[in-house]
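# Geometric and topological summary
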Amino acid sequence: MLVFPALTAANPCGQPATVITEVQGSTDTSALVGQTVTVEGVLTQDSRHVGGFSGFYLQQANTPADSIRSSALFVYTRHKEGRLGQRLRVTGKVKEHYGLTELVAVSDLQVCGTQALPATVEMSLPWTRAPESLENMRVRINGPLTITDSHQLTRFGDVSLAAKDPLISTEFMVPGTAALRHAKLVSMNTLVLDDGNARRNPPSLNWLPIYSATQPGSAAFSLVAGTQVRGLTGVLDYRYGAWRLQPDQIPSLKPPPLPDPAPARPTSANLRVMTLNLHNLFNGDGRGQGFPTSRGAKTEAQYKRQLQRLSTGLNQAGADLLALSELENDGYDSNSTIAQLAASLGPHWRFVVPVNPAMQKDAIRNGLLYRADRVNALGPAQYLLGDGGRPSLTQRFALKSGGLPLRLVSVHLKSKSCRNAKGENAQQSDGQGCYTAVRVKQAKTLHQQLGQLDRGNALAGTLITGDFNSYSKEQPISELARAGYTSMVGHFHPCTPVRCEHYSYRFKGARGSLDHALASAALKPWVLSAKVWNINADQPRMADYRSHSSPQPWRSSDHNPLITDIKL
């Protein structure tokens, strides 16, 4: 049984006490850490509910709005006295808890009466003042903010907000210190809208009344990146390495329009290539069993929903060739994932079978599919040397109407995950993630092998496309650029630090392109357009095939597809 110290019998309210601004100080760390202090203030938000943070926020009254020191603390305690709008006198020990200044080991807590809540302090993003000076205080956000990431919504009940939709640092900058400064800038200009709970998988959210992680009619399913959020007020908190708003009222949400239809094909184009990471399309054993799979669907029903949604998007694009990644590596018979995908697309679709399938040893592989009524596959398909990752898959294709063939290469370079990364493959503090050295080696080997393959073959050119796990200005893309390959999306739609309309992926509240379509010098003049079809990356994770079926292809993957139109 828990036993708390007895509350003081006499009323000491109004007696000399330490001013909260003195506890907070003017730096990130309190100078009074480890000392026992007595403070007085108003309880502005209570988080002692089940699943909460086991404490409350206490702010002194009448703090100058331009103070460089915060006038509020988080009080970590199991004492039950005090409620919203009451003035409290609290004695406890000062502590820095992962960057949050708080009182712990509370030995005395007195209710001193009621008092109006301190006025909110106006703030905006980008930060107009150091957020540390507002820690634990009541704030009001000027202007709308934009949802940039809802990845943690169902797990922790929060979304990321920013004044503008930020770009991945290496999307448009040369890697190095500039990229790091930009990454820190993105972090400092992001605010997390939290739900005031420490537990996982919250059943409800205090800022989104109509919330369900499983019901498609829930408002949470409309939390698309780009949604504008207004009316944000509450306590500015710091937890889990990020500045957070613990709201005290329900904000208003204005989602962006639904995704556009697939881009129209230019009238003179006679070949359309679509590139897509399938987000681990696994079919169990292909006979309705074998679930849950190691990477994809957990049930047969999930797999069928995933397949249906992917097929809808692939068909709506009207492509002639498909370059795909994250297909289950389960052979090529009628029960294989690639065979079932081709069948779901319609009777005209075929898939290529490499002459060296044993080279692919990973759980996932690349795939190439084609419309047999429009395109012929020429010669053998084959895997190329992977050099530390998944081998690329290449095949030559020609229009049935004739003309020079195109070489299409489906790639999926080594991921940025840092698992087992050592030496040159560990983080190099340049913004590129882990295993950059492997990806650069893969890029070098790829263009060397393609040069050998193309000797003696008449070609219109080569298109290398897929998930490179590399943003636009990172070394693997630069390596292929030096070899004569040009990013077609970047060519037609270049990104700048303030504008980037085309991106294929979102990661931790920023956007960029991991997926590229790189044309050889010979092919480049024949490429008429290249676009990203934004149907996936902005959509909330909870709206994918795991949760419900949909007649639309939205969130059929976590990557957006690329569409490249060519005139051969």
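Residues numbered from 1 in each chain as written. Predicted model: local features only at pLDDT ≥ 70, side-chain atom pairs only at ≥ 80, totals over all residues. Heavy atoms only, no water.

This brings us to the overall build of the protein. Helix and strand counts for the protein stand at eight helices and 28 strands. Expressed as lengths along the three principal axes of its C-alpha atoms, the size of the protein is roughly 95 × 50 × 45 Å. Per-residue burial for the protein yields a buried fraction of 55% across its 568 residues. Contacts in the protein between residues at least 24 apart in sequence constitute 71% of all its contacts with a sequence separation of at least 6. About 23900 Å² of surface is accessible on the protein, with carbon and sulfur atoms providing 52% of the total. For the protein, the separation between the mean place of its 59 positive charges and that of its 43 negative charges on side chains is 4 Å. (Helix = DSSP H or I, 4+ residues; strand = E, 2+ residues; numbered from the N terminus. Buried < 20%, exposed > 50% of the residue type's maximum accessible area, 1.4 Å probe, protein only. Contact = heavy atoms within 4.5 Å. Areas by Shrake-Rupley, 256 points an atom, 1.4 Å probe, with all protein chains shown as cover. Lys, Arg positive; Asp, Glu negative; His and termini not counted. Charge placed at Lys NZ, Arg CZ, Asp CG, Glu CD.)

Moving on to the packing of aromatic side chains. Taken as a whole, this structure holds five aromatic pairs when the rule is applied. Judged by centre distance (6.3 Å) and plane angle (35°), the ring pair of Phe291 and Tyr303 falls under tilted. With Phe291 in the loop between strand 15 (271-281) and helix 4 (300-316) and Tyr303 in helix 4, the pair connects residues that are 12 residues apart, well separated along the chain. Accessibility expressed as a relative area gives 21% for Phe291, which makes it partly exposed. Overall, the relative accessible area of 6% leaves Tyr303 in the buried class. Over the aromatic face of Tyr332 sits the side chain of Arg365, whose NZ or CZ is 4.1 Å from the ring centroid. The ring centre of Tyr435 lies 4.5 Å from the NZ or CZ of Lys414, which sits over that ring. (Phe/Tyr/Trp six-rings, centres within 6.5 Å; stacked < 30°, edge-to-face > 60°. Lys NZ or Arg CZ within 6 Å of the ring centre and 35° of its normal.)

With that settled, consider the sheet that holds strand 15. Strands sit in the order 17-18-16-15-28-27 across an open sheet of six strands; the sheet is mixed. With partners counted over all chains shown, the strands left at the sheet margins are strand 17 (349-351) and strand 27 (527-532), one partner each. Here the average twist between neighbouring strands, direction ignored, is 20°. Note that strand 17 and strand 18 (residues 364-371) share three bridges and pair antiparallel. Its bridge partner being in strand 18, Phe351 is matched across the sheet by Leu369. Helix 4 rests against strand 15, strand 16 (321-328) and strand 17 of the sheet, and its axis sits at about 165° to strand 15. Each of strand 15, strand 16, strand 17 and strand 18 touches helix 5 (residues 337-345); the most contacted strand, strand 16, lies at about 140° to it. (Pairing = 2+ DSSP bridges. Axes fitted to C-alpha atoms, helices over the stretch in contact; angles between N-to-C directions.)

What follows is about the pattern of salt bridges. What the rule picks out here adds up to 22 salt bridges. Across the salt bridge formed by Arg244 and Asp194, the nearest N and O atoms sit 3.2 Å from each other. Taken as a pair, Arg244 in strand 13 (residues 242-247) and Asp194 in the loop between strand 10 (190-193) and strand 11 (228-230) lie far apart in primary sequence, 50 residues in all. Here the salt bridges do not stand alone but share partners, grouping Asp165, Arg506, Arg511 and Asp538 into one network. (Salt bridge = Lys/Arg side-chain N within 4 Å of Asp/Glu carboxyl O.)

Turning next to helix 7 (residues 475-482). Every buried residue belonging to helix 7 is among Pro476, Ile477, Glu479 and Leu480, and all of these are buried. What you see down the axis of helix 7 is that its buried residues fit within an arc of 155°, all on one side. At the C-terminal side of helix 7, Gly484 shows a positive phi close to 105°. (Arc of directions from axis to C-beta.)

Here we come to empty space enclosed by the protein. Within the structure shown, the criterion is met by two cavities of 30 Å³ or more. Here the largest cavity defines a volume of roughly 60 Å³. A breakdown of the residues in the lining of the largest cavity according to their chemical character gives five nonpolar, five polar and one charged. Forming the boundary of the second largest cavity are Thr275, Leu276, Asn277, Ala323, Leu324, Ser325, Ser410, Val411, Thr465, Gly466, Asp467 and Asp515. Among the residues making up the lining of the second largest cavity, the classes are represented as four nonpolar, six polar and two charged. (1 Å grid on protein atoms, 1.4 Å probe; cavity = no way out; pocket = protein on both sides within 12 Å on 5 of 7 lines; lining within 4 Å. Points joined across faces, edges and corners; volume = space filled by probe spheres on them. Nonpolar A, V, L, I, M, F, W, Y, C, P; charged D, E, K, R; others polar.)

Tallying each qualifying case throughout the model produces three disulfides. Two residues, Cys418 and Cys434, share a disulfide whose sulfurs are 1.9 Å apart. Judged by the sign of its S-S torsion, about 90°, the cystine formed by Cys418 and Cys434 is right-handed. Of this pair, Cys418 sits in the loop between strand 21 (406-412) and helix 6 (436-453) while Cys434 is found in the loop between strand 21 and helix 6, placing the two residues 16 residues apart along the sequence. Disulfide pairing places Cys495 opposite Cys500 at an S-S distance of 1.7 Å. (Disulfide = S-S within 2.5 Å.)

The next thing to look at is the layout of surface pockets. Here the second largest pocket is characterised by a volume of approximately 910 Å³. Taken together, 36 residues form the lining of the second largest pocket, with Pro257, Leu258, Pro259, Asn534 and Asp538 sitting closest to its centre. Residue composition of the lining of the second largest pocket, grouped by class: 20 nonpolar, seven polar and nine charged.

Moving on: the nonpolar core. Grouped together as the largest cluster of nonpolar side chains are 52 residues, with contacts concentrated most on Leu321, Leu322, Leu324 and Leu341. Ranked by the residues each element gives to this core, the list is headed by strand 15, at six residues. Discounting chain neighbours no more than four positions away, the residues touching Leu322 are Met274, Leu314, Leu345, Trp349, Gly367, Leu368 and Leu369. Among the nonpolar cores identified, the runner-up in size contains 36 residues, and Met137, Tyr211, Val229 and Tyr238 belong to it. (Core = buried A, V, L, I, M, F, W, Y, C linked by side-chain atoms within 4.5 Å.)

Turning to unusual backbone geometry, a few remarks are in order. Put simply, Leu125 and Pro126 share a cis peptide bond, and its omega is -5°. You can see Pro126 is positioned in the loop between strand 6 (121-123) and strand 7 (138-141). With an omega of 0°, the peptide bond between Phe291 and Pro292 qualifies as cis. The topology assignment puts Pro292 in the loop between strand 15 and helix 4. Phi at Tyr435 takes a positive value of approximately 65°, unusual for a residue other than glycine. Here Tyr435 is to be found in the loop between strand 21 and helix 6. In this model, Lys508 sits at a positive phi of 50°, which is unusual for a non-glycine residue. Within the element layout of this structure, Lys508 appears in the loop between strand 24 (505-507) and strand 25 (510-512).

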